[in-house]
Amino acid sequence: MKVLAVSISERKGIKKHPVEYIELIEDYGIDGDAHAGKWHRQVSLLGVESMEAMKKKLPELSAGDFAENILTEGIVLYKLPIGTILKVGECTLEVTQIGKECHLGCEIRHIVGDCVMPREGIFTKVIKGGKIKADDKIEIVEK
């Protein structure tokens, strides 16, 4: 279980762009990301396995296209119970929400007719901050 890519966006409602690393701030989210703040959806995660299914319809999909902050490999995120604690790199995250309503302007939904994030993406809040980058290990600490 590992991180494949990390991405941010400076504005809400747009795709995120990959970066070398993200800096997480306890109980706030990602430094420089539009979704940071004192709420329950500070950091979003999506499995590459979920993206691969959508790539059959839209082969050019890449990290950040579903507005996920962390693209993962080897973990079925949407089956984790709310409250699960994840250690990602040097950070600790708590799963707070599975899926979400897709916003009206979702680019992927308009192009493909479907979007996987509402069903298989997860949201977390930052329990312990630090840096996360590609190839960082992901561990399930508690369920």
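Residues numbered from 1 in each chain as written. Predicted model: local features only at pLDDT ≥ 70, side-chain atom pairs only at ≥ 80, totals over all residues. Heavy atoms only, no water.

J.: Hey, could you run me through the sheet that holds strand β9 (residues 122-128) in this one?
T.: Paired through backbone hydrogen bonds, the strands of a sheet run either parallel or antiparallel to each other. The eight strands are arranged β2-β1-β6-β5-β9-β8-β7-β11 in an open sheet whose pairing can be described as mixed. Each edge of the open sheet is held by one strand with a lone partner, namely β2 (17-19) and β11 (138-142). Adjacent strand axes in the sheet meet at a mean angle of 40 degrees when their direction is disregarded. In this sheet, strand β8 (residues 91-98) lies alongside strand β7 (residues 85-88) in antiparallel orientation, the contact comprising four bridges. Bridging across to β8, Val88 finds its partner in Cys91. (Pairing = 2+ DSSP bridges. Helix = DSSP H or I, 4+ residues; strand = E, 2+ residues; numbered from the N terminus. Axes fitted to C-alpha atoms, helices over the stretch in contact; angles between N-to-C directions.)

J.: Mind showing me how you'd approach the nonpolar core here?
T.: In a soluble, globular protein the nonpolar side chains are often hidden away together inside. Counting residues in hydrophobic clusters, the biggest one holds 21 residues, and the most contacted among them are Ile22, Leu24, Val43, Ile70, Leu93 and Ile132. Residues within four places of Val43 in sequence aside, it is in contact with Leu24, Gly29, Ile30, Asn69, Ile70, Leu93, Ile122, Phe123, Thr124 and Val126. (Core = buried A, V, L, I, M, F, W, Y, C linked by side-chain atoms within 4.5 Å. Buried < 20%, exposed > 50% of the residue type's maximum accessible area, 1.4 Å probe, protein only. Contact = heavy atoms within 4.5 Å.)

J.: What is the right way to read the packing of aromatic side chains from this model?
T.: Two aromatic rings, taken as a pair, are described by how far apart their centres are and by the angle between their planes. Going through the model one piece at a time under the given rule, you end up with zero aromatic pairs. The ring of Trp39 has Lys12 lying over it, and the distance from NZ or CZ to the ring centre is 5.3 Å. Cation over ring: Lys131 sits above Tyr21, and NZ or CZ is 4.5 Å from the ring centre. (Phe/Tyr/Trp six-rings, centres within 6.5 Å; stacked < 30°, edge-to-face > 60°. Lys NZ or Arg CZ within 6 Å of the ring centre and 35° of its normal.)

J.: What should I look at first to understand helix α1 (residues 48-55) in this one?
T.: Side chains of residues three or four places apart in an α-helix project in the same direction, reflecting 3.6 residues per turn. Residues Val48, Ser50, Met51 and Met54 constitute the buried set of α1. When α1 is viewed along its axis, its buried side chains cluster within an angular range of 155 degrees and face the same direction. (Arc of directions from axis to C-beta.)

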